[in-house]
Amino acid sequence: RFYYAPIMKVDDALVNFDFNFISLLSIDVGGINYEVLLDSEKTLKKTLMICLEYDSMKDRNKYVELLENQFLLVKEFGCNLLFVNTTLSEELKLR
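This report concerns the structure included in the present document. Note that the structure is a prediction, hence the values are computed from the model and not measured.

Let us now look at the pairing of strand β4 (residues 80-85). Of all 6 residues in β4, 5 are buried; the element is thus mostly enclosed. Of the pairings in the sheet, the one linking strand β2 (residues 47-53) to β4 comprises 5 bridges and is antiparallel in character. Bridge pairing in β4 places M49 opposite V84. Between strand β3 (residues 71-77) and β4, which pair antiparallel in sequence order, lie 2 residues; one of them, G78, sits at a positive phi of approximately 60°.

Across all of its chains, the model carries 3 salt bridges by this definition. Among the ionic pairs, R60 bridges to E76, the shortest N-O distance being 3.0 Å. Here the residue R60 occupies a position in helix α4 (residues 57-67), and E76 occupies one in strand β3, the gap between them amounting to 16 residues. Among the residues examined, E76 registers a relative accessible area of 37% and is labelled partly exposed. The salt bridge partner of E90 is K93, with a shortest N-O separation of 3.4 Å. Placement of the pair is E90 and K93 together in helix α5 (residues 86-94), with a separation of 3 residues, close to one helical turn.

Reading the values: rules and limits
Residues numbered from 1 in each chain as written. Predicted model: local features only at pLDDT ≥ 70, side-chain atom pairs only at ≥ 80, totals over all residues. Heavy atoms only, no water. Buried < 20%, exposed > 50% of the residue type's maximum accessible area, 1.4 Å probe, protein only. Helix = DSSP H or I, 4+ residues; strand = E, 2+ residues; numbered from the N terminus. Pairing = 2+ DSSP bridges. Salt bridge = Lys/Arg side-chain N within 4 Å of Asp/Glu carboxyl O.

Here it is, written out as C-alpha cells:
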C-alpha cells in the first residue's frame, strides 16, 4: 500500500498565514532537510528557533554552514541541532 502526499515549499505553504514570527520550526523530512531549508528563505527570516535532525556529519556541517549568517547553533543533542535566529532574537527583545 502506498500513500502519496503533496510536496510544497515551506514559504509557499505559509504564504496565506498572517504571523509575526514562528517560535520553533522543527524539520525532519527524511534526508531532504537541506533542500527544505534552501527553499524557505522568507520563513527562516521570521523563525526564532529551528530544530533539525541530521543523518551524518556531512549533513550536520552543511546545515551549520547554510544557517551561520543568520542563526547561531546553541544546542546539539544526539542527532539534533537547535539554532536561534540572532537578528530576530534581538528584534523581539526590543519589542
